[in-house]
Amino acid sequence: MKSSLELYSYINAKLKTRLDLFIKKENLNNAIQAKTLIESFLPLRSTPFEILEKIYSSTGDLKMAEAELFAMELNAYLEVISLVEEPLTSFVRALARGPEIEHVKNTIRLWFDAHVRGRSIDDRTVYCYRGPTIDSFNINKILSANNTDEVIQEFLNTSYFAVIKECLPNVVKLGTLFELETALDKLYYALLEQACKNLPRSDISIAQKFIALDVDIENIASLVRLNTFLGLCNTDIEKYLIQYEDAVSVKSLKTLYASENIPAAALVLLGKKYAGLASLWSRGDLSSKLATLERVLREMRNMEARKLLAGNPFSIGIIIAYFILLGDEIVSVRTILNAKYYGLSEERIRSIV
């Protein structure tokens, strides 16, 4: 196997250049302070996001700009895949499954709305991503499929086939896609963990730490959905959570979900790992506490990513940090533009960005 210097010197230089193009904090602040949606595009000029203004100016459709943001994120993964070699290629490909699975979910949601719920999707199909992916499938054939068998068949040559084949018929009967979406998320982390094991030994612990933090975020987000939208009882939630060795255990999460006893629930969930976050459990209902915790965990991940950038430049850390910070930047831009579209106050925007 090549040395760390040989593996990472080229991609490190490339990604540092990409990071230099990220939006400066002052520009992001100016976008938040803008009085209108049109004005919020101005600080994005001379950044990779300046295309969003052109899209909105020509279409008047903010969702088209959001579709471009998704394309930018997935294409960033595909670009890095082309710039590295094994074992990094397999690991980045596994990371790229994250946005690609969101693409799979969105496609199936549209089919589900049209063919199970009987809703019109004509106004939404235009926003579907149709660019390059890791695993290809025919979106148009899926959206026009008459039954679950036809949908499943379109995923035959993808990594998602087995999961979709097993789950789709049942979720149609239940009338909710949550079980399928959870199964796809579990597949993502399984593929990521498998790719992680093939990394150089010095990289494995770095990757595992961030996988665990991602699993914690994903599980907290699932608890928010379970509590807010589905209202499932505690005995039903385990199958919707992801088990990962270094993440908060599913058993602890079940205890949290079942209890509104703030001190006890916080200790069970946070334990030694997130002990400093116990103060979050001082006010609000369970859903608001979970949502706040999810946001703080994301902020922690961002801080850890920045530490990686300041550390050893010849490790998997540079790649992980790049994608975390890119994802956060895309979320910030999307949030600001949507907030301006709906006329939210500057104070409200700062509370969610």
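That block above? That's the structure.
Thresholds, definitions, all that
- Residues numbered from 1 in each chain as written.
- Predicted model: local features only at pLDDT ≥ 70, side-chain atom pairs only at ≥ 80, totals over all residues.
- Heavy atoms only, no water.
- Helix = DSSP H or I, 4+ residues; strand = E, 2+ residues; numbered from the N terminus.
- Polar contact = N/O pair within 3.5 Å; in protein donor to acceptor, adjacent residues only side chain to side chain.
- Contact = heavy atoms within 4.5 Å.
- Buried < 20%, exposed > 50% of the residue type's maximum accessible area, 1.4 Å probe, protein only.
- Phe/Tyr/Trp six-rings, centres within 6.5 Å; stacked < 30°, edge-to-face > 60°.

> Any chance you could break down the side chain of D328 for me, citing the residues and the numbers?
The topology assignment puts D328 in helix α15 (residues 317-341). Separated by 2.8 Å, the side chains of D328 and N302 make a polar contact. Contact partners of D328, with chain neighbours within four places excluded, come to R301 and N302.

> Explain the side chain of T158 to me, using residue names and the numbers behind them.
Relative to the helices and strands, T158 resides in the loop between α8 (148-154) and α9 (161-174). According to the relative accessible area criterion, T158 is buried, its value standing at 10%. Engagement of the side chain of T158 in a polar contact is seen with the backbone oxygen of F155, the distance being 2.8 Å. Residues in contact with T158, not counting those within four places in the same chain, are D135 and S136.

> Tell me about the environment of T89, residues and numbers included.
Tracing the chain through its elements places T89 in helix α6 (residues 88-115). A polar contact of 3.2 Å, which involves the side chain of T89, links it to the backbone oxygen of V84.

> Can you lay out the packing of aromatic side chains for me, pointing to particular residues and giving the numbers?
Under the criterion given, the structure shown has nine aromatic pairs. Relative to Y129, the ring of F70 has its centre 5.5 Å away and its plane inclined at 75°; by these criteria the two rings are edge-to-face. In this pair, F70 sits in helix α5 (residues 62-83) while Y129 sits in the loop between α6 and α7 (139-143), placing the two residues 59 residues apart along the sequence. Their ring planes at 40° and their centres at 4.9 Å tell us that F137 and F155 sit as a pair that is tilted.

Spatial relationships are all this shows, so hold off on functional conclusions.
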